[in-house]
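# Tertiary structure, described
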Amino acid sequence: MLSVNTVTITVGKKTIFSDFSLSMAPCSVHLLVGPNGAGKSSLAYALIGHPSYVVTQGTLILNGQDITTSTPDVRARLGLFLAFQQPCAIPGVTVFELLTQAYRELVGISGAYESNVDLRVRVGAVLEKVGLPAAYADRAVNEHFSGGEKKRLELAQLLFFKPKLAILDEIDAGLDAQGIDLIVDCIRMLQRENAATAFLVITHSPALIAALAPAPVHELPGHG
Ligand code: ADP
Ligand code: MG
């Protein structure tokens with residue numbers, strides 16, 4: 001489903017790492033580990049097409065399609081999703097607007113029509129699932145959210161968008177032990193509902209790594 005083939009990733013003039021490869025099958029869970037600064041988040045950004053993180057060597061292939069130079073919206077429609085390590089606040093845009101407008105863009109006009117009332121119910125359900133009050137639907141995205149609440153909102157987006165390949169970048173950071181159970185629960189739930197979903201999980205947490213075992217581990221060595 002995903003092949004990263006001997007890629008070099010560059011930001012500006014700086015090469016973050018070179019010659020990195022990995023390959024993932026549908027429905028698999030893979031771990032990406034490595035010291036701080038090794039380039040894990042840079043790989044995540046390069047995978048979703050962040051314009052600053054450029055693949056200068058090698059290729060990214062998603063379900064047989066070369067996405068090395070595709071724009072982020074194209075990659076998202078192909079089913080790629082990133083839960084950010086440090087989600088940003090979007091003042092003026094509510095959680096409901098973010099989830100539903102992004103969802104409509106993802107499914108396009110060919111997608112099944114859902115009324116605002118139906119969407120409200122579905123947004124409420126994912127917020128409840130991740131442990132956020134339903135009233136958060138009407139709050140500005142991540143504005144004055146705690147670190148843990150931001151991570152829960154990333155999980156809510158994961159459940160709402162049902163991607164084919166989800167990259168979770170330190171999704172456990174800021175969550176307690178129950179948070180680890182929630183992450184595993186969300187992964188298992190999506191795998192049940194949407195059998196093809198694969199996960200690339202970036203983490204330093206021994207508890208999360210143990211909970212997801214056995215999962216292939218890829219390491220970015222860093223320079224240390
Ligand atoms: P990790 O997620 O493994 O901790 P990052 O991908 O965040 O590592 O960072 C890898 C390296 O790339 C670090 O040295 C970091 O300072 C550098 N880096 C990341 N993003 C940028 C950027 N936008 N501009 C310059 N350097 C960057
Ligand atoms: Mg990182």
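For every chain, the first residue of the written sequence is number 1, and numbering continues from 1 along that sequence. Chains and ligands are labelled sequentially in the order written, the chains with letters from A and the ligands with numbers from 1. With the structure being a predicted model, the display of local features is reserved for residues of pLDDT at least 70 and the display and counting of side-chain atom pairs for 80 or more, all residues being used for whole-chain, interface and lining totals. The basis for the side-chain values is all heavy atoms of the structure; hydrogens and waters are excluded.

### Quick look at the environment of leucine 200
Segments assigned H or I by DSSP are reported as helices when at least four residues long, segments assigned E as strands when at least two residues long, and all are numbered from the N terminus. With respect to the helices and strands, leucine 200 occurs in strand E10 (residues 198–202). In sequence terms leucine 200 and leucine 31 are 169 residues apart; their C-alpha atoms lie 5.7 Å from each other. Any pair of residues with heavy atoms lying within 4.5 Å of one another is described as a contacting pair. For leucine 200, the residues in contact, after removing those within four places along its chain, are Leu22, Met24, His30, Leu31, Leu32, Leu47, Ala166, Ile167 and Leu168.

### Description of the sheet that holds strand E6 (residues 80–83)
In a beta sheet, neighbouring strands pair by backbone hydrogen bonds and run either parallel or antiparallel. Pairing within the open sheet is parallel, and its five strands lie in the order E6-E9-E10-E3-E11. With one partner strand each, in any of the chains shown, E6 and strand E11 (217–219) form the two edges of the open sheet. On average, adjacent strands in this sheet sit at an angle of 20 degrees to one another, irrespective of strand direction. Of the strand pairs in this sheet, strand E9 (residues 165–169) and E10 are connected by five bridges, and their pairing is parallel. Strands qualify as paired when DSSP identifies two bridges or more between them. The convention used is that axes are lines fitted to C-alpha atoms, helices contributing only their stretch in contact, and that angles between N-to-C directions extend from 0 to 180 degrees.

### Comments concerning helix H1 (residues 40–48)
Along H1, seven of the nine residues are buried, which leaves the element largely enclosed by surrounding structure. Buried residues are those whose accessible area, probed at 1.4 Å on protein chains only, stays under 20% of the maximum for their type, while exposed residues exceed 50% and partly exposed ones sit between those limits. Turning to H1, its buried residues number three or more, namely Lys40, Ser42, Leu43, Ala44, Ala46, Leu47 and Ile48. Downstream of H1 by one or two residues, glycine 49 has phi in the positive range, about 90 degrees.

### What about the packing of helix H5 (residues 147–161) against helix H6 (residues 177–193)?
For the pair H5 and H6, the least separation of the axes is 10 Å and the interaxial angle reads 5 degrees. Looking at the two axes, H5 sits roughly parallel to H6. Contacts between H5 and H6 involve Arg152, Leu155, Leu158 and Leu159 from the former and Leu182, Ile183, Cys186, Met189 and Leu190 from the latter. Three classes are used: nonpolar for Ala, Val, Leu, Ile, Met, Phe, Trp, Tyr, Cys and Pro, charged for Asp, Glu, Lys and Arg, and polar for all others, with Gly counted as polar. Residue composition of the contact of H5 with H6, by class: eight nonpolar, no polar and one charged. Throughout this description, any angle smaller than 35 degrees is read as roughly parallel, any larger than 145 degrees as roughly antiparallel, any in the 65 to 115 degree range as roughly perpendicular, and the remainder as oblique.

### Observations regarding the coordination of the magnesium ion (ligand 2)
A 2.8 Å cut-off from the metal defines N, O and S donors, relaxed to 3.2 Å for Na, K and Ca; water is not in the atom list, so some sites may appear incomplete. The magnesium ion (ligand 2) binds to the protein through Ser41 (OG) and Gln85 (OE1), with metal-donor distances spanning 2.1 Å. In this pair, serine 41 is assigned in helix H1 and glutamine 85 in the loop between E6 and strand E7 (90–94), connecting sequence segments 44 residues apart. Assessed through its relative accessible area of 28%, glutamine 85 is described here as partly exposed.

### What to know about the site of ligand 1
In these notes, residues near a molecule or strand are those with any non-hydrogen atom within 4 Å of it. Taken together, the residues surrounding ligand 1 are Val11, Lys14, Ile16, Pro35, Asn36, Gly37, Ala38, Gly39, Lys40, Ser41, Ser42 and Tyr53. For the purposes of these results, a polar contact is taken to be a pair of N or O atoms within 3.5 Å, where, inside protein, one atom must be able to donate a hydrogen and its partner to accept one; residues adjacent in sequence count only when each atom of the pair is a side-chain atom. Serine 41 places a polar main-chain atom, nitrogen or oxygen, 2.9 Å from an oxygen atom of ligand 1. One nitrogen or oxygen atom from the side chain of tyrosine 53 is found 2.7 Å from a nitrogen atom belonging to ligand 1. Against a free-state accessible area of 560 Å², the protein chains account for coverage of 63% of ligand 1. Listed by contribution, the elements that provide at least two residues to the shell around ligand 1 are strand E2 (14–24) and H1. A per-element tally of the shell around ligand 1 places H1 first, with three residues. Here the shell around ligand 1 is built from residues that sort into five nonpolar, five polar and two charged. Each accessible area is a Shrake-Rupley result for a 1.4 Å probe, and residues are judged covered by the shown protein chains and nothing else.

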